[in-house]
Structures are given as structure tokens and as C-alpha cells.
Amino acid sequence: ASLVHEFAHHLDFTCPEHRSLRASFRSAQGLDADAPWRTAETWSEIPSEQFAEATIRFVLGRAPAHRLVSVEREAVAVIRAWAAGGRLTHRRAAP
């Protein structure tokens, strides 16, 4: 799980197409679609960390033994659609 998490960060930093999933991912996690990607008040609230944890669920098909971040099913679905080359749309998180 840790290797997948770190690979997700590598993807985040090296794949320009990755930016196309960020707004949809944040919305699926219940965050503002325009929230900063790499900063938040706590580690578990950082969208890029949530993305890395959601990627674990996508790749392994299950949650990791450590549950440090809350991951919504819809967020994993966003990653799945992006990985399959699907078109992504996002909706604004409720206030």
C-alpha cells in the first residue's frame, strides 16, 4: 500500500494530464473544487494525500490496513474513470 501511495505522488508530480482529474476528485471528496492541491490545515485534509490514499483503493481494490484518510467511493470512481481515459466532470461541493 505504501508503494502505491508513493507512486501516486510520483504520478501527481510527473504526469501533466493528472491535473485534469483534480477538480473532479476534490468534489468527489466533498472539497471545494478549487481548494489548494498540496496544502491544508492537517495532513489528512490535503487533497494530494487523499488522492494517494484513494489510489491505493483503486489499485488494490480495498482499503489499506492503515486508515489515515477518509476516502469516498466516488473519489475512487473518479480515479478509475481518469485511468481508463474517461471524460471527467465535477460538481461543486455543498457549502
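As a reminder, the structure under discussion sits directly above these lines.
Not measured: the values here are computed from a predicted model. (Residues numbered from 1 in each chain as written. Predicted model: local features only at pLDDT ≥ 70, side-chain atom pairs only at ≥ 80, totals over all residues. Heavy atoms only, no water.)

Let's talk about the pattern of salt bridges
Where side chains of opposite charge bring their charged atoms close, a pairing between them can arise. Applied cut-off: We define a salt bridge as a side-chain nitrogen of Lys or Arg found within 4 Å of a carboxyl oxygen belonging to Asp or Glu. Under the DSSP-based scheme used, a helix requires at least four consecutive residues in state H or I and a strand at least two consecutive residues in state E, with every element numbered from the N terminus. Accessible area is worked out with a 1.4 Å probe on protein chains only. A residue is then buried under 20% of its type maximum, exposed over 50%, and partly exposed in between.
As enumerated under the stated definition, the model contains two salt bridges in all. In this structure, the salt-bridge partner of R22 is D12, at a minimum N-O distance of 2.7 Å. With R22 in helix 2 (residues 19-28) and D12 in helix 1 (residues 2-14), this pair connects stretches of sequence that are ten residues apart. The pair formed by R22 and D12 is uniform in burial state, with each residue classed as buried. Measuring nitrogen to oxygen at the nearest pair gives 3.3 Å for the salt bridge that ties R38 to D12.

Thoughts on helix 3 (residues 47-60)
Think of an α-helix as 3.6 residues a turn; residues three or four steps apart then line up on the same face. The test is simple: Between the first and last residue of a helix there are one fewer steps than residues, each counted as 1.5 Å, and that sum is the expected span. We call two residues in contact when some of their heavy atoms are within 4.5 Å.
Spanning 14 residues, helix 3 covers 20 Å between terminal C-alpha atoms, matching the ideal 20 Å at 1.5 Å per step. With ten of 14 residues buried, helix 3 lies mostly within the body of the structure. Among the residues making up helix 3, those that are buried are P47, S48, E49, Q50, F51, A52, E53, A54, T55 and I56. Against the buried residues of helix 3 lie helix 1, helix 2 and helix 4 (73-83). Looking one or two residues beyond helix 3, the residue adopting positive phi is G61, at roughly 80 degrees.

Section: the environment of V69
In this structure, V69 sits in the loop between helix 3 and helix 4. By relative accessible area, which is 7% here, V69 ends up buried. With 25 residues separating them along the chain, V69 and S44 place their C-alpha atoms 5.3 Å apart. Contact partners of V69, with chain neighbours within four places excluded, come to W43, S44, Q50, E53 and R57.

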